[in-house]
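Chain residues, written in single-letter form:
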Amino acid sequence: MNHWKQTTTKDNKTLILRNAEKEDAEAYLEYFHIAHSETDFLTSYPDESQHDIHAVSNRLEETKQKNTALELCAFVDGKLIASAGFDVVKNRAKTRHRANFGISVVKEYWGMGIGTELTKTCVALAKKAGYLQLELEVVADNVAAVRLYQKVGFVEYGRNPKAFRTRQGQWQEVISMRLEL
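All figures in this text were calculated on a predicted structure; none of them were measured in a lab.

Q: Requested: an account of the nonpolar core, with residues and values cited.
A: Core analysis: the largest hydrophobic core is formed by 51 residues, its most contacted members being Phe86, Ile114, Leu118, Leu134, Tyr149 and Phe154. In this structure, Ile114 is in contact with Thr9, Leu15, Ala74, Val76, Ile81, Ala82 and Tyr109, ignoring residues within four places of it in sequence.

In structure tokens, the structure reads:
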């Protein structure tokens, strides 16, 4: 699934949204490490990544070749600062209408409309890919993300009060949300 778009952020910086390419692997790993170091709202810590450049390069290329998956990168001033994407929940007859959605943005770029642009783009492309439902999980304390998802049309369908346990031993409640496409 191919996509390319140029727009602007809330502070009038040029924002490029495009497919992740295999050549982006090194920049993707750097962005991933930064984004996962800056917040406790994501599903993993940066040191839990088992990625090397070749594995990431292969994954990005495989994803780009699929008609039912997307890894979209956001660039500001040529720097990869966010990504979002979706893939089938499980490729079985009963579940292939559903896709999981994920997103992360480097903290320096929070509040600039990049998350909204990425989310809306992924929703439109998931619909184009034939999905009927997009799903996500979000830490309940991540109020800005919950608000974004609600604004786009996601609705809550459940909560798990002990879904995540931080390295500091704190529990994080996770909200399950879905959007009918």
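That covers the picture; the talk isn't over yet.
Q: Can you explain the pattern of salt bridges? Please cite residues and give values.
A: Evaluation of the coordinates by the stated rule reveals 11 salt bridges. The shortest N-O distance in the salt bridge between Lys5 and Glu117 comes to 2.6 Å. With a gap of 112 residues between them, Lys5 in strand β1 (residues 4-8) and Glu117 in helix α3 (residues 114-128) connect regions that are remote in the sequence. Of the charged contacts in the structure, one is a salt bridge between Glu173 and Arg159, with a shortest N-O distance of 3.0 Å.

Q: I'd like a description of unusual backbone geometry, backed by residues and values.
A: Excluding glycine, residues mostly carry a negative phi; peptide bonds, for their part, are mostly trans. In this model, Asn12 sits at a positive phi of 65°, which is unusual for a non-glycine residue. Counting through the fold element by element, Asn12 comes out in the loop between β1 and β2 (14-19). Residue classification places Asn12 among the exposed positions, given a relative accessible area of 64%. Within the chain, Asp77 stands out as a residue other than glycine whose phi angle is a positive 50°. For Asp77, the location among the structural elements is in the loop between β3 (70-76) and β4 (79-88). Classification of Asp77 by relative accessible area gives exposed; the value is 65%.

Q: Could you give an account of the sheet that holds β3, with specific residues and numbers?
A: Spatially, the eight strands line up as an open sheet ordered β1-β2-β3-β4-β5-β6-β8-β7, and their pairing is mixed. The sheet is open, and its two borders are formed by β1 and β7 (155-165), each paired with just one other strand. Adjacent strand axes in the sheet meet at a mean angle of 20° when their direction is disregarded. Relative to strand β8 (residues 171-180), strand β6 (residues 133-139) runs antiparallel, the two being bridged by seven bridges. Looking at the pairing, Leu136 lines up with Met177 of β8. Strands in contact with α3 are β1, β2, β3, β4, β5 (98-105), β6 and β8; relative to β4, the strand with the most contacts, it is inclined by about 30°.

Reading the values: the criteria
Residues numbered from 1 in each chain as written. Predicted model: local features only at pLDDT ≥ 70, side-chain atom pairs only at ≥ 80, totals over all residues. Heavy atoms only, no water. Core = buried A, V, L, I, M, F, W, Y, C linked by side-chain atoms within 4.5 Å. Buried < 20%, exposed > 50% of the residue type's maximum accessible area, 1.4 Å probe, protein only. Contact = heavy atoms within 4.5 Å. Salt bridge = Lys/Arg side-chain N within 4 Å of Asp/Glu carboxyl O. Helix = DSSP H or I, 4+ residues; strand = E, 2+ residues; numbered from the N terminus. Pairing = 2+ DSSP bridges. Axes fitted to C-alpha atoms, helices over the stretch in contact; angles between N-to-C directions.

All we've got here are geometric facts, nothing functional implied.
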